[in-house]
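Structure assessment
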Amino acid sequence: MDSSQFTAEPSSTFMVDVIIAGCGPTGAMLAAELRLHGVRVLVLEKETEPVSFVRIVGLHIRSLELMAMRGLLDRILEHGRQRPAAGFFAAISKPAPKGLDSAHAYLVGIPQPVIVQLLEDHAIQLGAQVRRGCAVADFEQDDEGVTVKLADGEQLRARYLVGCDGGRSTVRKLLGVGFPGEPSRTETLMGEMEVGVPQGEIAATVTEISKTHRPFWLRPFGKGVYSVVVPAAGISDRSEPPTLKDFQQQLRTIAGTDFGVHSPRWLSRFGDATRLAERYRVGRVLLAGDAAHIHPPIGGQGLNLGVQDAFNLGWKLAGQIRGWAPEPLLDTYQAERHPVAEDVLDNTRAQMELLSDEPGPQAVRRLLTELMDFDEVNRYLIEKIAAIDIRYDFGAGPDLLGRRLRDVDVKQGNLYDQLHRGRGLVLDRTERLTVEGWSDRVDLVSDPTAALDVPAILLRPDGYVAWIGEHQQDLDDHLARWFGRPLTDGPSMPS
Ligand SMILES: Cc1cc2nc3c(=O)[nH]c(=O)nc-3n(C[C@H](O)[C@H](O)[C@H](O)COP(=O)(O)OP(=O)(O)OC[C@H]3O[C@@H](n4cnc5c(N)ncnc54)[C@H](O)[C@@H]3O)c2cc1C
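Residues numbered from 1 in each chain as written. Predicted model: local features only at pLDDT ≥ 70, side-chain atom pairs only at ≥ 80, totals over all residues. Heavy atoms only, no water.

Once that is clear, we can look at the overall build of the protein. Helix and strand content of the protein: 12 helices and 24 strands. Taken over the C-alpha trace, the protein has a radius of gyration of 24 Å; the compact-globule value for 495 residues is 23 Å, and the two agree within 12%. Principal axes of the C-alpha set define a box for the protein whose edges measure 75 × 60 × 40 Å. Counting all 495 residues of the protein, 53% fall into the buried class. Partitioning the intrachain contacts of the protein with sequence separation of at least 6 by distance along the chain shows that 71% fall at a separation of at least 24. Roughly 21200 Å² of accessible area belongs to the protein as shown, and the carbon and sulfur atoms make up 51% of that amount. (Helix = DSSP H or I, 4+ residues; strand = E, 2+ residues; numbered from the N terminus. Rg over C-alpha atoms; globule rule 2.2 N^0.38 Å. Buried < 20%, exposed > 50% of the residue type's maximum accessible area, 1.4 Å probe, protein only. Contact = heavy atoms within 4.5 Å. Areas by Shrake-Rupley, 256 points an atom, 1.4 Å probe, with all protein chains shown as cover.)

Structure follows, in structure tokens:
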């Protein structure tokens, strides 16, 4: 960064508290989470229009739980298709494991543009500003804030900048944060188009070819349109979308026919690179979603991971800006989320090996397929992909500490319904506890009949259990650990 290019005075008034680069699922979710705490947010999106191509993505259990916690699940279910929580580890076909501990133990398939639009609308309803056609081109940070420069030269100033600008993140590159990992070894063409032969003919050929070439499919997508996925001829720099000719050539090479494909609706390509940012935060600039981690789409985890990053970061960054966050809180974002992404990268590496046509990996796949007949094994793998196995390190304590809490019935209705405002929550069966002093940040639900087998818990705004106990002093210590000084200690200073 050449600081002579920046004309805005570092001390000039902040236009907003947070600028988010990128209005994909991660950026939109983060904007909404910040707005729940009254933080002024501007989302800058380089594309002038929302993406047109309809990639169906799977929302897994933990993401569905998060949506329920913010009152968004009904809207998602209206637009998505529910499927059993099964068959997504390395595409090994098995029934859903028994006893998945969630009120939302299923998968929802939903077009990515629909989920992005729902999240963007939600953020805007909460008061976020979204500006399209604005690409972040450069930035400079100082002790007080970040000056962001757009591609057209306009300069904007905020306290923090978050790069949610996807796998080729400009923000990450400008920060100079390393993105180590493995480059793409394979590339896949994906698109929607019409075909020139009857469905019966296609089905027979596709069944045969997909035994030896993965991924490979031509699936009817409604109104005479087919979803077509075929391995690409090689690795490109992916700066340009593929052409219809690329699809025709690859179909002919692999299947011996191009099925008369024509009239494409959209064409795209994706690789299988696996990379993880070395740091998620440098001063006042943070990274989330694909900007921080990329991996092959097997198991359908990328969007889920990004939305969950946003959920983890939102309340912490809000607390920092509102002035109540204890000093290390914002740094727990990287401490908690980096290992989670590391684990997702590893499980996609393992899944990709299991898709290999080589005899060794094929033998391991057969063995794992047998092992998954044991419900414990099947559940372990599905819980991993569905991200309900996560346990953050909050120190020594019962197993539930650091884990998410499933939705439970409380006398006010469902517990998750009490989390719509994105605040902390104490669920108290003793009816003796109070959150006085933190009542601007934390709610209290007293219910001796709540389905908990401990006296009381403190839930963070992202639904993870931050304390288990029964004594007020112990609770107060933990409220201070996560939510800063009580109100009675005087006003906090924004930072
Ligand atoms: C074939 C395929 C299938 C997939 N299936 C699934 C699935 O089933 N489940 C799942 O969870 N994930 C899936 N994924 C992964 C998922 O699509 C991504 O992980 C997800 O889109 C990441 O969201 P994001 O918001 O972090 O980044 P993106 O969706 O990439 O959004 C980044 C945004 O930033 C904008 N931007 C970029 N640069 C700038 C800039 N300089 N200034 C301003 N804006 C900028 C972009 O235009 C874009 O809108 C799949 C991916 C592929 C390729």
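Hydrogen bonding along the main chain pairs the strands of a sheet, whether they run parallel or antiparallel. Strands sit in the order E3-E5-E4 across an open sheet of 3 strands; the sheet is antiparallel. Single-partner strands in this sheet number two, and they are strand E3 (56-59) and strand E4 (81-84). If you compare each strand with its neighbour and ignore which way they point, the axes differ by 30 degrees on average. In terms of strand pairing, E3 meets strand E5 (residues 106-111) through 4 bridges, oriented antiparallel. Across the sheet, residue Val57 finds its bridge partner in E5, namely Ile110. (Pairing = 2+ DSSP bridges. Axes fitted to C-alpha atoms, helices over the stretch in contact; angles between N-to-C directions.)

A few words now on helix H1 (residues 25-35). Of all 11 residues that make up H1, 10 are buried, and the element is covered over most of its length. Turning to H1, its buried residues are Pro25, Thr26, Gly27, Ala28, Met29, Leu30, Ala31, Ala32, Glu33 and Leu34. For H1, the secondary structure elements touched by its buried residues are strand E1 (16-21), strand E2 (41-45), helix H2 (61-69), helix H4 (112-125), strand E9 (155-163) and helix H8 (302-322).

We now examine helix H7 (residues 244-255). The terminal C-alpha atoms of H7, which comprises 12 residues, lie 16 Å apart, in line with the 16 Å expected from a rise of 1.5 Å per residue. Listed in full, the buried residues belonging to H7 are Phe247, Gln248, Gln250, Leu251, Ile254 and Ala255. Where H7 is buried, its residues contact strand E11 (187-194), helix H6 (199-209), strand E12 (217-220), strand E13 (225-231) and strand E14 (262-271). (Expected span 1.5 Å × (residues − 1).)

On to the site of the ligand, then. Not every one of the 29 residues close to the ligand is listed here, only the nearest: Glu45, Arg55, Gln112, Leu303 and Asn304. One of the side-chain nitrogen or oxygen atoms of Thr26 is found 2.8 Å away from an oxygen atom of the ligand. Between the ligand and the protein, one listed contact pairs a nitrogen atom with a backbone N or O atom of Gly300 at 3.0 Å. Calculation on the ligand without its partners gives an accessible area of 1000 Å², and the protein chains cover 85% of this total. (Near = heavy atom within 4 Å. Polar contact = N/O pair within 3.5 Å; in protein donor to acceptor, adjacent residues only side chain to side chain.)

Before going further, it helps to spend a moment on the environment of Glu45. The residue Glu45 is located in strand E2 in this model. Glu45 sits in the buried class, given a relative accessible area of 11%. Through-space distance from the C-alpha of Glu45 to that of Arg132 is 4.7 Å; in sequence the pair is 87 residues apart. In this structure Glu45 touches Gly22, Cys23, Gly24, Arg131, Arg132, Gly133 and Cys134, once residues within four positions along its chain are discounted. For Glu45, the side chain forms a polar contact with the main-chain nitrogen of Cys23, separated by 2.8 Å.

Right, let's talk about the side chain of Glu192 for a bit. Mapping Glu192 onto the fold places it in strand E11. The charged side chain of Glu192 is buried without a salt bridge, its nearest counter-charge being Arg265 at 6.1 Å. Non-local contacts of Glu192, meaning those with residues more than four positions away in its chain, are made with Val54, Phe221, Val225, Tyr226, Ser227, Pro264, Arg265 and Trp266. (Lys, Arg positive; Asp, Glu negative; His and termini not counted. Salt bridge = Lys/Arg side-chain N within 4 Å of Asp/Glu carboxyl O.)

Taken as a whole and judged by the stated rule, the model has 31 salt bridges. For Glu33, the salt bridge is made with Arg70, and the minimal N-O distance between the two is 2.8 Å. One end of the pair, Glu33, is in helix H1; the other, Arg70, is in the loop between H2 and helix H3 (73-79), with 37 residues separating them in the sequence. The class of Glu33 is buried, set by a relative accessible area of 2%. Overall, Arg70 belongs to the buried group, its relative accessible area being 5%. A salt bridge links Glu47 to Lys46, with the shortest nitrogen-to-oxygen separation between them at 3.1 Å. Three or more residues are tied together by salt bridges with common partners; here these are Lys316, Glu336, Arg460 and Asp462.

With that settled, the discussion passes to the side chain of His104. Along the chain, the position of His104 falls in the loop between E4 and E5. Under the relative-accessibility criterion, His104 is labelled buried at 12%. Ignoring anything within four residues of it in the chain, the contact list for His104 reads Ile61, Leu64, Glu65, Ala68 and Leu73.

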